Every structure is written in C-alpha cells, then in structure tokens.
Amino acid sequence: MSGSDADAVGLSVRAAEKRDAGRGVARIPERARRELGVLSGDTVVIEGEKTTVAKMWPADPSVPETAIQIDGDTRANAGVHVGDTVAVRPKDTSTIQEARRVTLSPPPSITDGERQVAERDAAKKLRNRPVRAGEQIRIEGVSQNPFTVVDTTPGGDVRISSTTTVRIVGPDARASAAGDGSREASSGASSESAEGDSVSAEGTTGPTYEDIGGLDEELEQVREMIELPLSEPELFRRLGVEPPSGVLLYGPPGTGKTLIARAVANEVDASFETISGPEIMSKYKGESEEQLREVFERARENAPTIIFFDEIDSIAGARGDDEGAENRIVGQLLTLMDGLDARGEVIVIGATNRVDAIDPALRRGGRFDREIQIGVPDETGRREILEVHTRGMPLADDVSVDTIARRTHGFVGADLDAVASEAAMAAIRERPADADDREEWNRDPKVTRAHFDTALASVEPSA
Ligand code: ADP
C-alpha cells in the first residue's frame, strides 16, 4: 500500500518543459521514478505548502536526478515556487475515484466561443486528469488561462473519465466556491488592480517561466541573480554575499525583457512596480524625483519587490549640464539604490536597448553592475516562442510551427506574438458567411496554415 511518508521522495521544483504547460504532468527522473515505483502515466501526489496530484512522465536524462518538472498551475496547486522542495509519493490509484461531476469556473477573460468549446470538449480534453476542488487547470485549445475547479462529486482527489459530466459555471460562482485554495495574483497587482473585479484575487496568475520562449540560458542567469536573493535572502546573509540591487537587461525591444521581469516577480510572489524612463522624464521639475522616491518607498513596504525600470537609457543619456533633468534624476536614482539595504528584498531591473547609453555611474559597483543580454531569437527560440503563443489555439493539422519558425528570421517575441494573433484574427475574418455554417465554425474554430500566411504577410520583423 503506497501513500505512507516512507515512500516519499524529496525533489527540487523546476519549471516544466514548454510542451507540457497546462497538462498536469510531473516529469520525474528515472532514479526517483524507480524509487517511487511508478510508471509513465501513473498518478503521483506532490506535497508542498499544499498538496496536489499530477500524472508522472519520465524526465529527459539531462534533468538532474533530484529535480521534478511541473508547470505553473501545478506549482500553484502545490503552493510552491521554482527552487522549493516537494515531497512526492505514489498515489494509490484505487483511492482515486472517477468523478461523476466536476464543476469548473472559467478564467475571467473567456469569450462566448471559448466557453462553448469548453462545455463541449472539456470532458474529452481532460480525460484521465486527476483533479481536486480549489485547483486551477488549463484546457488545451480552449484558453491560455486557467479554469478553477469549483466542486467535484465525489470530493477529494478524483479522476475525470469519459463518463464525467463537466459543467462550466459563470465566473460569479468562483468567488464563493473557490475557497482559499488558490494563490493570489501577486505580480502586477499594482498595475492590474485598476481593472479590479471580484475575481482578481483568485487563480489569475501572471506570466510564468513557461510563457517565455527561447531564453533558457538568460532566464537561468536572471533567476540566479534575482530569484535567489528574493526568495532566499537568509542564505545570502549567512554566506555574507551582497545580493545585487540592480540588474540590467539589454537588447532590442520586444524580446521579452518585461516578460522576464514579470515572470520572476510572479514566480517568487514578489510585488511588481514599473517605472517608465520617458514618462518620468516628462514630469515637471522635481516631480520625477518625488515619484521615484514614492516607488521605492512602496517597494520597501511591499517587499519583496521587483522594480522594473523600462527604457532606463532615457534618464541617463548625454551628460554635461549639471542642472539638467537627467542628472537630477540619475542622482536621485543613485541615492535610492545606494539606500536599499543589503537584504536583497528590493531589486531593480533596468531595461534598455542601448547599454552604452547608460550613465557610467549607474553601472558601477552595487548599482546596475550585472548585465544580461536578451538577444533576437534564433530559429529554435522562435519555435519555442511560437509554441507559447499558439498553445491555447485550435490549430489545423496543416499548420507547422517548425516551418513558421524557419520563415521568420528577424522576428522578435513581440512580432511572433503578433503573427499568432493576426492568424487568429484572419481565421475569424474568414469565417463562413452563412449563419448556420458560421455557428458550426464558432463551435469548432480552426486556425489554418493559410491564416498564418496572411499573418506573415502583414507583420514586419523588427530586427
Ligand atoms: P521588451 O520588454 O523586451 O520590449 P516585452 O517583454 O514587453 O519586450 O515583450 C512584448 C510581448 O512580446 C510579450 O508580452 C510577449 O507576448 C511577447 N514576447 C516577447 N518576447 C517573448 C519571448 N521570449 N517568449 C514569448 N513571448 C515573448
């Protein structure tokens, strides 16, 4: 009989392979698999702050033996972040009952069309998925955003089968039914709360590492410099190393600098503040400094915090005139950054496409003294980015993401995002005119290769 603690294996959480995002899969290395005595497709219990279940699949041999790869939803369901340790146990499947009924509440962004597809296909697409109330799950081909499991019959861990009735309820139901099960939307809370509605504190998550394509090495560096100090400040203190207070991401626009900053904030549950260089430059005398002080003050109050300073070169261009606004603002920023205590709980990420245009004083010791280049993606990177942006899309069989990646030399992430949305728009524009046909199409929409050709003709590469 499995399920006792003696069977548990401790594994360190890593982000999922991009292809696994939204699938409820846990990839586990061979040694741990043998220790657990599970086979591909078996259910495992993952215990962090919370407990969840996932289907086990083998990890690539290049993954360390002590790691487990799970996606953002599963991490949220287990109440863990990348780098945390979870206890993994085999789930005695005889204790998982088939669900008679599962009630899901859709993401707030859902369209009527997506809802119809969800109602029709959810049971099929989620077949064999272990779930429990309070968790978030994504339905492939329906929406990029997660649904929340509001209720199951019977309760506890259940598996969706071909006979399960999956009901999609109005978003209103989630506020009362979802309980405390879901993680708060943390990152971007300050900027996104403006849209504020009753569901903003539920399973809505910001971008996760799986939403970033083609920047694995860069992301690894970012994580080492930012995620570690923010998530384990004590470790830095004990080892007597100074965590960085500033990191510079440089590279052309649209390559994912903002995305990375938001994802790290989201993954470590840090708050997120943004400052736009051009915007701060446009303030009246004195106002910009005041605003900078306020942002840093808020950052300290809500620590851990990532302050994202976009187009930082615009405050730190040509020097000379001592009375110049640039010098005043740079001076204020230097003071604020030097004043950050060495506990690493506030980190400033500066973004620029002109690293040489940054005031040298800003790049010296203790300020933005680490730099990471975020370049234009190569073919592999483009393929990964396209995979991210077509993940929730019903693609026709004739669409080859590989071919599109090959044909899009010079396209950055933002361009590829535009290609995917343009293709979807083309599909909508070219829907059948006849009302019945259109209704049928709406129920089962497809984005075809021709739609991508239309999109490729309209999006220009930035690089
Ligand atoms: P930057 O800050 O470098 O100017 P952003 O991070 O704002 O670029 O990118 C804009 C949008 O383009 C993102 O929200 C995302 O949709 C898409 N994008 C950019 N880079 C990537 C990437 N590497 N992977 C996936 N999407 C990307």
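Calculation notes
- Residues numbered from 1 in each chain as written.
- Predicted model: local features only at pLDDT ≥ 70, side-chain atom pairs only at ≥ 80, totals over all residues.
- UniProt positions renumbered as here; feature names shortened; annotations may be inferred.
- Helix = DSSP H or I, 4+ residues; strand = E, 2+ residues; numbered from the N terminus.
- Buried ≥ 20, exposed ≤ 12 C-beta atoms within 10 Å, placed from the backbone.
- Contact = placed C-beta atoms within 7 Å.
- Pairing = 2+ DSSP bridges.
- Axes fitted to C-alpha atoms, helices over the stretch in contact; angles between N-to-C directions.
- Core = buried A, V, L, I, M, F, W, Y, C linked by C-beta atoms within 7 Å.
- Parallel < 35°, antiparallel > 145°, perpendicular 65-115°, else oblique.
- Left-handed = near helix turned anticlockwise from the far one by under 90°.
- Nonpolar A, V, L, I, M, F, W, Y, C, P; charged D, E, K, R; others polar.

Taking an unreviewed UniProt entry as the reference, the chain is identified by name as Adenosinetriphosphatase belonging to Natronococcus amylolyticus DSM 10524. According to the UniProt record, the Sequence similarities (unreviewed entry) comment for the chain is "Belongs to the AAA ATPase family. CDC48 subfamily."

A short note on the overall build of the chain
Helices and strands together make up the secondary structure of the chain, namely 17 helices and 18 strands. A total of 463 residues make up the chain; the buried ones form 45% of that total. Excluding contacts between residues fewer than 6 apart, the proportion of contacts in the chain whose partners are at least 24 apart in sequence is 80%.

Examining helix 8 (residues 257-267)
Here helix 8 lies mainly inside the structure; ten of its eleven residues are buried. Where helix 8 is concerned, the buried positions are Lys 257, Leu 259, Ile 260, Ala 261, Arg 262, Ala 263, Val 264, Ala 265, Asn 266 and Glu 267. Buried residues along helix 8 sit in contact with helix 6 (216-231), strand 14 (246-250), strand 15 (271-276), strand 16 (305-310) and strand 17 (346-352). Just downstream of helix 8 lies Asp 269, where phi reads positive at about 60 degrees.

Structural notes on the sheet that holds strand 15
Within the open sheet, the five strands sit side by side as 15-16-17-14-18. Their pairing is parallel. Of all strands in the sheet, those with a lone pairing partner are strand 15 and strand 18 (368-373), marking the two edges. Put simply, the sheet's adjacent strands are angled 25 degrees from each other on average, direction ignored. The pairing of strand 15 with strand 16 spans six bridges and is classified as parallel. Within strand 16, the residue paired with Ser 276 across the bridge is Asp 310. Contacting strand 14, strand 17 and strand 18, helix 6 crosses the sheet at an angle of about 145 degrees to strand 18. Most of the contacts of helix 10 (residues 287-301) go to strand 15, to which it runs at about 170 degrees, and overall it touches strand 15, strand 16 and strand 17.

Let's talk about the sheet that holds strand 12 (residues 158-159)
Strand order in the open sheet made by the three strands is 7-12-9, with mixed pairing throughout. Edge positions in the sheet fall to strand 7 (97-98) and strand 9 (130-131), since each of these pairs with one other strand and no more. Bridging between strand 7 and strand 12 involves two bridges; their strand directions are parallel. Counted as the bridge partner of Gln 97 is Val 158 from strand 12.

Looking at the nonpolar core
With 72 residues, the main nonpolar core has Val 44, Ile 46, Ile 260, Ile 306 and Ile 349 as its most contacted residues. For this core, the leading source of residues is helix 8, giving six residues. With sequence-adjacent residues up to four places away left out, Ile 46 is seen in contact with Ala 26, Thr 52, Val 53, Ala 54, Ile 70, Thr 74, Ala 78, Val 86 and Val 88. The next biggest cluster of nonpolar side chains, apart from the first, holds 20 residues, and it includes Phe 411, Val 419, Ala 424 and Val 447.

Notes on the environment of Pro 108
As for its placement among the helices and strands, Pro 108 is situated in the loop between strand 8 (101-105) and helix 3 (112-125). According to the C-beta neighbour criterion, Pro 108 is partly exposed, with 16 such atoms within 10 Å. Sequence spacing of Pro 108 and Pro 146 is 38 residues, and the spatial spacing of their C-alpha atoms is 9.5 Å.

So, the packing of helix 6 against helix 8
When two helices pack together, their arrangement is captured by the angle between the axes and the distance separating the axes. At a minimum axis distance of 11 Å, the contact between helix 6 and helix 8 shows a crossing angle of 50 degrees. Classified by the angle their axes make, helix 6 and helix 8 are oblique. The two elements helix 6 and helix 8 meet at a crossing, and its hand is right-handed. Facing Leu 219, Val 222, Arg 223, Ile 226 and Glu 227 of helix 6, the residues of helix 8 in contact are Ile 260, Val 264 and Glu 267. Here the residues of the contact of helix 6 with helix 8 sort into five nonpolar, no polar and three charged.

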